[in-house]
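# Descriptive structure summary
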Amino acid sequence: MDLMLSRFDRYLLAQLLMLFGFFALVLVLIYWINRAVVLFDQLIANGESAVVFLEFTALSLPNVVRLVLPVAAFAASLYVTNRLMSESELVVVQATGLSPARLVRPVLIFGCIVFVMSSVLAHILVPASQARLSERTAEIAENMTARLLREGQFLHPATGITFYIREISSIGALQDVFLSDARNPDRPVAYSAREALLIRGEQAPSLVMIDGMAQSYGVGNKRLSVTRFDDFTIDLSDLVESSALTQRSPRELPTPALLEADEDVQALTGASHSTLVAEAHERFSDALNGLVAPLFAFAALMVGGFSRFGVWRQSIATVIGLILIQLITQLGQGSVRTDAANWPLAYTGPLVGLLAAFGLLYIAARPGLLARARQTAQ
(Lines give C-alpha, C1' and ligand atoms only; values in the text may rest on other atoms or scores of the structure.)
Protein backbone atom coordinates (compact mmCIF):
# COMPACT_ATOMS: atom_id res chain seq x y z
CA MET A 1 0.00 0.00 0.00
CA ASP A 2 2.80 2.45 0.90
CA LEU A 3 4.53 1.68 -2.39
CA MET A 4 1.31 2.37 -4.28
CA LEU A 5 0.79 5.60 -2.40
CA SER A 6 4.31 6.81 -3.12
CA ARG A 7 3.82 5.97 -6.78
CA PHE A 8 0.59 7.93 -6.88
CA ASP A 9 2.31 10.89 -5.19
CA ARG A 10 5.06 10.84 -7.79
CA TYR A 11 2.53 10.46 -10.58
CA LEU A 12 0.42 13.41 -9.42
CA LEU A 13 3.49 15.55 -8.74
CA ALA A 14 4.90 14.76 -12.20
CA GLN A 15 1.60 15.73 -13.81
CA LEU A 16 1.52 19.00 -11.89
CA LEU A 17 5.11 19.90 -12.76
CA MET A 18 4.64 19.06 -16.44
CA LEU A 19 1.51 21.17 -16.81
CA PHE A 20 3.06 23.90 -14.67
CA GLY A 21 6.01 24.11 -17.05
CA PHE A 22 3.69 24.28 -20.04
CA PHE A 23 1.44 27.02 -18.62
CA ALA A 24 4.44 28.98 -17.31
CA LEU A 25 6.11 28.86 -20.73
CA VAL A 26 2.96 30.06 -22.50
CA LEU A 27 2.32 32.89 -20.05
CA VAL A 28 5.96 34.00 -20.03
CA LEU A 29 5.98 34.11 -23.83
CA ILE A 30 2.82 36.24 -23.85
CA TYR A 31 4.17 38.70 -21.28
CA TRP A 32 7.64 38.67 -22.81
CA ILE A 33 6.43 39.35 -26.35
CA ASN A 34 4.31 42.23 -25.08
CA ARG A 35 7.32 43.66 -23.25
CA ALA A 36 9.58 43.05 -26.24
CA VAL A 37 7.32 45.10 -28.52
CA VAL A 38 7.56 48.09 -26.16
CA LEU A 39 11.34 47.74 -25.85
CA PHE A 40 11.69 47.44 -29.61
CA ASP A 41 9.95 50.78 -30.10
CA GLN A 42 12.07 52.42 -27.40
CA LEU A 43 15.49 51.01 -28.32
CA ILE A 44 15.62 50.06 -31.99
CA ALA A 45 13.73 53.17 -33.04
CA ASN A 46 16.21 55.28 -31.06
CA GLY A 47 19.22 53.82 -32.82
CA GLU A 48 20.25 51.06 -30.39
CA SER A 49 21.52 47.74 -31.69
CA ALA A 50 19.75 44.39 -31.57
CA VAL A 51 22.24 43.24 -28.93
CA VAL A 52 21.02 45.95 -26.56
CA PHE A 53 17.43 44.98 -27.32
CA LEU A 54 18.12 41.33 -26.44
CA GLU A 55 19.96 42.36 -23.28
CA PHE A 56 17.04 44.47 -22.08
CA THR A 57 14.48 41.77 -22.81
CA ALA A 58 16.60 39.19 -20.97
CA LEU A 59 16.94 41.47 -17.94
CA SER A 60 13.18 41.98 -17.83
CA LEU A 61 12.53 38.23 -17.95
CA PRO A 62 13.00 37.38 -14.22
CA ASN A 63 10.28 39.82 -13.20
CA VAL A 64 7.95 38.41 -15.85
CA VAL A 65 8.58 34.86 -14.60
CA ARG A 66 7.91 35.97 -11.02
CA LEU A 67 4.53 37.37 -12.04
CA VAL A 68 3.34 34.30 -13.94
CA LEU A 69 4.49 31.52 -11.58
CA PRO A 70 1.47 31.64 -9.19
CA VAL A 71 -0.94 31.85 -12.13
CA ALA A 72 0.75 28.91 -13.87
CA ALA A 73 0.69 26.87 -10.64
CA PHE A 74 -3.02 27.56 -10.18
CA ALA A 75 -3.80 26.63 -13.79
CA ALA A 76 -1.78 23.41 -13.55
CA SER A 77 -3.47 22.33 -10.33
CA LEU A 78 -6.91 23.16 -11.69
CA TYR A 79 -6.34 21.33 -14.98
CA VAL A 80 -4.72 18.21 -13.48
CA THR A 81 -7.33 17.82 -10.73
CA ASN A 82 -10.15 18.33 -13.21
CA ARG A 83 -8.71 15.70 -15.57
CA LEU A 84 -8.10 13.14 -12.81
CA MET A 85 -11.66 13.54 -11.61
CA SER A 86 -13.18 13.35 -15.08
CA GLU A 87 -11.20 10.16 -15.77
CA SER A 88 -12.22 8.72 -12.37
CA GLU A 89 -8.61 8.30 -11.25
CA LEU A 90 -9.23 10.18 -8.02
CA VAL A 91 -12.41 8.20 -7.44
CA VAL A 92 -10.47 4.95 -7.66
CA VAL A 93 -7.76 6.19 -5.31
CA GLN A 94 -10.34 7.46 -2.81
CA ALA A 95 -12.06 4.06 -2.93
CA THR A 96 -8.90 2.56 -1.42
CA GLY A 97 -9.48 4.67 1.65
CA LEU A 98 -7.38 7.77 0.92
CA SER A 99 -8.85 10.99 2.32
CA PRO A 100 -8.60 14.37 0.56
CA ALA A 101 -6.17 15.43 3.28
CA ARG A 102 -3.88 12.56 2.24
CA LEU A 103 -4.29 13.23 -1.47
CA VAL A 104 -3.23 16.84 -1.03
CA ARG A 105 0.33 15.85 -0.08
CA PRO A 106 1.82 15.95 -3.62
CA VAL A 107 -0.04 19.22 -4.24
CA LEU A 108 1.49 20.63 -1.07
CA ILE A 109 4.95 19.54 -2.23
CA PHE A 110 4.27 21.14 -5.60
CA GLY A 111 3.18 24.38 -3.91
CA CYS A 112 6.36 24.42 -1.82
CA ILE A 113 8.46 24.03 -4.98
CA VAL A 114 6.67 26.98 -6.59
CA PHE A 115 7.06 28.99 -3.37
CA VAL A 116 10.83 28.38 -3.32
CA MET A 117 11.15 29.34 -6.99
CA SER A 118 9.10 32.51 -6.44
CA SER A 119 11.16 33.41 -3.37
CA VAL A 120 14.47 33.04 -5.23
CA LEU A 121 13.14 35.23 -8.01
CA ALA A 122 11.63 37.86 -5.70
CA HIS A 123 14.56 38.20 -3.30
CA ILE A 124 17.60 37.53 -5.51
CA LEU A 125 17.13 37.40 -9.28
CA VAL A 126 14.59 40.19 -9.78
CA PRO A 127 16.46 42.82 -7.66
CA ALA A 128 19.73 41.95 -9.39
CA SER A 129 18.18 42.11 -12.88
CA GLN A 130 16.32 45.35 -12.10
CA ALA A 131 19.51 46.96 -10.79
CA ARG A 132 21.41 45.98 -13.93
CA LEU A 133 18.50 47.16 -16.09
CA SER A 134 18.55 50.56 -14.39
CA GLU A 135 22.31 50.83 -14.91
CA ARG A 136 21.98 50.09 -18.60
CA THR A 137 19.06 52.51 -18.91
CA ALA A 138 21.14 55.23 -17.29
CA GLU A 139 24.01 54.50 -19.65
CA ILE A 140 21.74 54.84 -22.65
CA ALA A 141 20.26 58.03 -21.21
CA GLU A 142 23.81 59.40 -21.00
CA ASN A 143 24.62 58.19 -24.47
CA MET A 144 23.21 61.02 -26.54
CA THR A 145 24.06 59.21 -29.76
CA ALA A 146 20.79 57.30 -29.39
CA ARG A 147 18.84 60.56 -29.15
CA LEU A 148 20.82 63.15 -31.08
CA LEU A 149 22.79 61.43 -33.81
CA ARG A 150 20.28 61.38 -36.65
CA GLU A 151 21.25 62.85 -39.95
CA GLY A 152 19.03 65.38 -41.66
CA GLN A 153 16.38 65.58 -38.93
CA PHE A 154 15.37 68.39 -36.58
CA LEU A 155 15.25 66.76 -33.14
CA HIS A 156 13.76 68.09 -29.91
CA PRO A 157 15.44 66.20 -27.03
CA ALA A 158 14.06 68.66 -24.44
CA THR A 159 11.58 71.49 -24.24
CA GLY A 160 12.94 74.55 -26.05
CA ILE A 161 15.86 72.63 -27.61
CA THR A 162 16.23 71.99 -31.33
CA PHE A 163 19.15 69.99 -32.70
CA TYR A 164 20.17 69.29 -36.30
CA ILE A 165 23.05 67.41 -37.98
CA ARG A 166 23.55 67.42 -41.71
CA GLU A 167 25.87 64.42 -41.80
CA ILE A 168 27.88 62.06 -39.57
CA SER A 169 31.34 61.13 -40.82
CA SER A 170 32.79 57.62 -40.73
CA ILE A 171 34.84 58.51 -37.63
CA GLY A 172 31.80 59.84 -35.75
CA ALA A 173 32.34 63.56 -36.30
CA LEU A 174 29.18 65.66 -36.69
CA GLN A 175 29.16 67.85 -39.78
CA ASP A 176 27.28 71.17 -40.00
CA VAL A 177 25.63 71.21 -36.58
CA PHE A 178 22.84 73.52 -35.46
CA LEU A 179 21.64 73.84 -31.86
CA SER A 180 18.86 76.21 -30.79
CA ASP A 181 18.30 76.88 -27.08
CA ALA A 182 15.03 78.74 -26.51
CA ARG A 183 14.49 77.72 -22.89
CA ASN A 184 14.99 81.35 -21.90
CA PRO A 185 12.33 83.14 -23.99
CA ASP A 186 13.87 86.56 -23.24
CA ARG A 187 17.22 85.60 -24.75
CA PRO A 188 17.21 82.60 -27.11
CA VAL A 189 20.60 81.40 -28.36
CA ALA A 190 21.42 79.58 -31.60
CA TYR A 191 24.72 77.72 -32.05
CA SER A 192 26.08 76.58 -35.40
CA ALA A 193 29.38 74.90 -36.18
CA ARG A 194 31.18 73.32 -39.08
CA GLU A 195 31.97 70.26 -36.99
CA ALA A 196 31.20 68.89 -33.52
CA LEU A 197 32.03 65.93 -31.29
CA LEU A 198 30.13 64.24 -28.46
CA ILE A 199 32.35 63.49 -25.46
CA ARG A 200 31.24 61.37 -22.50
CA GLY A 201 31.47 63.11 -19.11
CA GLU A 202 31.19 61.94 -15.50
CA GLN A 203 27.55 63.03 -15.14
CA ALA A 204 26.47 63.71 -18.71
CA PRO A 205 28.00 64.05 -22.20
CA SER A 206 29.30 67.31 -23.59
CA LEU A 207 29.05 68.69 -27.11
CA VAL A 208 32.31 70.19 -28.40
CA MET A 209 31.57 72.52 -31.33
CA ILE A 210 34.43 73.49 -33.68
CA ASP A 211 34.66 76.52 -35.98
CA GLY A 212 31.27 78.05 -35.40
CA MET A 213 29.34 80.92 -33.91
CA ALA A 214 26.73 81.69 -31.25
CA GLN A 215 23.89 84.08 -32.02
CA SER A 216 22.04 85.53 -29.04
CA TYR A 217 18.95 87.65 -29.52
CA GLY A 218 17.75 90.05 -26.81
CA VAL A 219 13.98 90.23 -27.03
CA GLY A 220 13.81 93.36 -24.84
CA ASN A 221 16.30 95.50 -26.74
CA LYS A 222 15.86 93.65 -30.05
CA ARG A 223 19.61 93.30 -30.54
CA LEU A 224 21.41 90.34 -32.06
CA SER A 225 24.82 89.45 -30.64
CA VAL A 226 27.14 87.22 -32.67
CA THR A 227 30.17 85.50 -31.18
CA ARG A 228 32.52 83.44 -33.32
CA PHE A 229 34.64 80.68 -31.78
CA ASP A 230 37.27 78.15 -32.77
CA ASP A 231 35.95 75.60 -30.29
CA PHE A 232 33.16 75.77 -27.72
CA THR A 233 31.90 73.16 -25.22
CA ILE A 234 28.25 72.85 -24.25
CA ASP A 235 27.24 70.81 -21.21
CA LEU A 236 24.29 68.54 -22.07
CA SER A 237 23.44 67.61 -18.48
CA ASP A 238 20.10 69.43 -18.75
CA LEU A 239 19.12 67.07 -21.55
CA VAL A 240 19.75 63.94 -19.46
CA GLU A 241 17.47 62.80 -16.66
CA SER A 242 19.86 63.12 -13.75
CA SER A 243 17.42 61.48 -11.33
CA ALA A 244 17.84 58.22 -13.20
CA LEU A 245 21.57 58.39 -12.47
CA THR A 246 21.31 59.15 -8.74
CA GLN A 247 18.15 57.49 -7.46
CA ARG A 248 17.36 53.79 -7.38
CA SER A 249 14.05 52.01 -7.43
CA PRO A 250 13.02 50.01 -4.34
CA ARG A 251 12.71 46.96 -6.60
CA GLU A 252 16.49 47.03 -7.10
CA LEU A 253 17.41 46.79 -3.42
CA PRO A 254 17.87 43.59 -1.39
CA THR A 255 15.09 42.62 1.00
CA PRO A 256 17.05 43.25 4.25
CA ALA A 257 17.71 46.84 3.15
CA LEU A 258 14.01 47.34 2.45
CA LEU A 259 13.00 45.92 5.83
CA GLU A 260 15.44 48.23 7.59
CA ALA A 261 14.39 51.23 5.46
CA ASP A 262 16.72 53.66 7.21
CA GLU A 263 17.28 57.27 6.20
CA ASP A 264 20.09 56.37 3.80
CA VAL A 265 17.87 53.94 1.90
CA GLN A 266 15.05 56.48 1.81
CA ALA A 267 17.41 59.11 0.41
CA LEU A 268 18.78 56.63 -2.13
CA THR A 269 15.35 55.69 -3.46
CA GLY A 270 13.34 58.83 -2.76
CA ALA A 271 10.64 56.58 -1.27
CA SER A 272 9.01 56.74 2.15
CA HIS A 273 9.63 54.29 4.98
CA SER A 274 6.21 52.69 4.50
CA THR A 275 6.76 52.22 0.76
CA LEU A 276 10.07 50.44 1.32
CA VAL A 277 8.69 48.16 4.03
CA ALA A 278 5.65 47.38 1.87
CA GLU A 279 7.91 46.41 -1.04
CA ALA A 280 9.76 43.91 1.18
CA HIS A 281 6.61 42.26 2.55
CA GLU A 282 5.04 42.16 -0.91
CA ARG A 283 7.92 39.94 -1.99
CA PHE A 284 7.09 37.47 0.77
CA SER A 285 3.33 37.53 0.28
CA ASP A 286 3.52 37.25 -3.51
CA ALA A 287 5.78 34.21 -3.15
CA LEU A 288 3.29 32.66 -0.73
CA ASN A 289 0.65 32.92 -3.44
CA GLY A 290 2.61 30.28 -5.33
CA LEU A 291 1.87 27.91 -2.44
CA VAL A 292 -1.72 28.99 -1.84
CA ALA A 293 -2.99 28.98 -5.45
CA PRO A 294 -2.51 25.24 -6.26
CA LEU A 295 -3.75 24.16 -2.82
CA PHE A 296 -6.90 26.24 -3.18
CA ALA A 297 -7.58 24.92 -6.69
CA PHE A 298 -7.17 21.30 -5.62
CA ALA A 299 -9.30 21.67 -2.49
CA ALA A 300 -12.10 23.48 -4.31
CA LEU A 301 -12.35 20.80 -7.00
CA MET A 302 -12.30 18.02 -4.42
CA VAL A 303 -15.48 19.52 -3.01
CA GLY A 304 -16.81 19.82 -6.56
CA GLY A 305 -16.43 16.07 -6.99
CA PHE A 306 -19.37 15.66 -4.67
CA SER A 307 -21.39 18.43 -6.29
CA ARG A 308 -24.37 17.62 -8.49
CA PHE A 309 -23.61 20.72 -10.58
CA GLY A 310 -20.44 19.21 -12.03
CA VAL A 311 -16.79 20.10 -11.90
CA TRP A 312 -16.86 22.79 -14.58
CA ARG A 313 -19.09 25.04 -12.49
CA GLN A 314 -16.83 24.41 -9.52
CA SER A 315 -13.86 25.42 -11.71
CA ILE A 316 -15.48 28.78 -12.45
CA ALA A 317 -16.19 29.27 -8.74
CA THR A 318 -12.54 28.40 -8.00
CA VAL A 319 -11.28 31.07 -10.41
CA ILE A 320 -13.60 33.63 -8.81
CA GLY A 321 -12.37 32.58 -5.38
CA LEU A 322 -8.74 33.08 -6.40
CA ILE A 323 -9.59 36.53 -7.76
CA LEU A 324 -11.12 37.43 -4.40
CA ILE A 325 -8.00 36.18 -2.61
CA GLN A 326 -5.82 38.31 -4.88
CA LEU A 327 -8.06 41.30 -4.21
CA ILE A 328 -7.66 40.82 -0.47
CA THR A 329 -3.90 40.56 -0.99
CA GLN A 330 -3.79 43.82 -2.94
CA LEU A 331 -5.86 45.63 -0.32
CA GLY A 332 -3.60 44.39 2.48
CA GLN A 333 -0.45 45.40 0.62
CA GLY A 334 -1.91 48.82 -0.10
CA SER A 335 -2.56 49.42 3.59
CA VAL A 336 1.12 48.71 4.34
CA ARG A 337 2.15 51.40 1.87
CA THR A 338 0.05 53.82 3.91
CA ASP A 339 1.45 52.77 7.29
CA ALA A 340 4.37 50.37 7.78
CA ALA A 341 2.88 49.26 11.12
CA ASN A 342 0.20 47.44 9.13
CA TRP A 343 2.72 44.97 7.67
CA PRO A 344 0.83 41.86 8.95
CA LEU A 345 -2.04 42.84 6.63
CA ALA A 346 0.20 42.10 3.63
CA TYR A 347 -0.26 38.40 4.45
CA THR A 348 -4.05 38.54 4.81
CA GLY A 349 -4.67 37.24 1.29
CA PRO A 350 -2.38 34.17 1.53
CA LEU A 351 -3.73 33.42 5.03
CA VAL A 352 -7.32 33.58 3.81
CA GLY A 353 -6.39 31.32 0.90
CA LEU A 354 -4.78 28.72 3.16
CA LEU A 355 -7.72 28.73 5.58
CA ALA A 356 -10.14 28.39 2.67
CA ALA A 357 -8.15 25.49 1.20
CA PHE A 358 -8.02 23.54 4.47
CA GLY A 359 -11.68 24.32 5.11
CA LEU A 360 -12.62 22.96 1.70
CA LEU A 361 -10.53 19.83 2.32
CA TYR A 362 -12.34 19.34 5.62
CA ILE A 363 -15.69 19.55 3.82
CA ALA A 364 -14.52 17.25 1.03
CA ALA A 365 -13.51 14.61 3.58
CA ARG A 366 -17.04 14.72 5.04
CA PRO A 367 -19.51 14.49 2.16
CA GLY A 368 -22.30 14.04 4.67
CA LEU A 369 -22.00 17.74 5.52
CA LEU A 370 -22.88 18.64 1.94
CA ALA A 371 -25.76 16.18 1.84
CA ARG A 372 -27.26 17.61 5.02
CA ALA A 373 -26.74 21.15 3.70
CA ARG A 374 -28.61 20.29 0.50
CA GLN A 375 -31.47 18.70 2.44
CA THR A 376 -31.71 21.77 4.63
CA ALA A 377 -31.76 24.02 1.55
CA GLN A 378 -34.54 21.95 -0.01
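All values reported here derive from a predicted model rather than from experimental measurement. (Residues numbered from 1 in each chain as written. Predicted model: local features only at pLDDT ≥ 70, side-chain atom pairs only at ≥ 80, totals over all residues. Heavy atoms only, no water.)

### Focus: the overall build of the protein
For the protein, the helix and strand inventory stands at 13 helices and six strands. Evaluated residue by residue, the protein yields a buried proportion of 43% over its 378 residues. Surface accessibility of the protein: about 19,700 Å² in total, with carbon and sulfur atoms responsible for 62%. (Helix = DSSP H or I, 4+ residues; strand = E, 2+ residues; numbered from the N terminus. Buried < 20%, exposed > 50% of the residue type's maximum accessible area, 1.4 Å probe, protein only. Areas by Shrake-Rupley, 256 points an atom, 1.4 Å probe, with all protein chains shown as cover.)

### So, the confidence of the model for the protein
Confidence along the protein averages 82 in pLDDT terms, with 84% of residues attaining 70 or more. Overall, residues 1–5 carries pLDDT values under 50, and its contacts beyond four positions in sequence, including any with other chains, amount to three contacts. Counted against residues more than four places away or in other chains, residues 241–245, with its pLDDT under 50, gives five contacts. (pLDDT = per-residue confidence, 0-100. Contact = heavy atoms within 4.5 Å.)

### A few points about the pairing of strand β6 (residues 223–235)
In terms of strand pairing, strand β5 (residues 206–218) meets β6 through twelve bridges, oriented antiparallel. Considered in β6, the bridge of Tyr-217 is made with Leu-224. (Pairing = 2+ DSSP bridges.)

### Focus on the packing of aromatic side chains
Scanning all chains against the criterion turns up seven aromatic pairs. Ring centres 5.6 Å apart and planes at 15° place the aromatic pair Tyr-191 and Phe-232 in the stacked group. Of this pair, Tyr-191 sits in strand β4 (residues 189–199) while Phe-232 sits in strand β6; the two residues are 41 residues apart in sequence, bridging distant segments of the chain. A relative accessible area of 15% means that Tyr-191 is categorised as buried. (Phe/Tyr/Trp six-rings, centres within 6.5 Å; stacked < 30°, edge-to-face > 60°.)

### Describing the nonpolar core
Of all hydrophobic cores here, the largest spans 43 residues; its most connected members are Leu-12, Phe-20, Leu-90, Leu-103, Val-107, Phe-110 and Phe-298. For this core, the element with the highest residue contribution is helix α10 (residues 273–304), accounting for eleven residues. The residues touching Phe-110, leaving out its near neighbours within four places in the chain, are Leu-13, Leu-16, Leu-17, Phe-20, Ala-73, Ala-76 and Pro-294. Grouped together as the second largest cluster of nonpolar side chains are 16 residues, Val-177, Tyr-191, Ala-214 and Leu-236 included. (Core = buried A, V, L, I, M, F, W, Y, C linked by side-chain atoms within 4.5 Å.)

### Examining the sheet that holds strand β2 (residues 161–168)
Taken in spatial order, the six strands of this open sheet run β1-β2-β3-β4-β5-β6, and their pairing is antiparallel. In the strand order of this sheet, the two ends are held by β1 (154–155) and β6, each with one partner.

### A short note on the side chain of Ser-335
Examined against the element boundaries, Ser-335 turns out to sit in helix α11 (residues 311–338). Within the structure, Ser-335 has its side chain in polar contact with the backbone oxygen of Gly-332 (distance 2.6 Å). Once you skip the residues sitting within four places of it in the chain, Ser-335 turns out to touch Asn-342 and Leu-345. (Polar contact = N/O pair within 3.5 Å; in protein donor to acceptor, adjacent residues only side chain to side chain.)

### Section: the pattern of salt bridges
Two side chains bearing opposite charge may form a pair once their charged atoms approach each other closely. This model, assessed by the stated rule, comprises twelve salt bridges. The salt bridge involving Glu-135 is made with Arg-132; its shortest N-O contact spans 3.3 Å. Taken as a pair, Glu-135 and Arg-132 lie in helix α5 (residues 105–142) at a separation of three residues, close to a single helical turn. A residue is classified by how much of its surface remains accessible, and Glu-135, at 43% relative accessible area, is partly exposed. Note on Arg-132: relative accessible area 34%, which makes it partly exposed. (Salt bridge = Lys/Arg side-chain N within 4 Å of Asp/Glu carboxyl O.)

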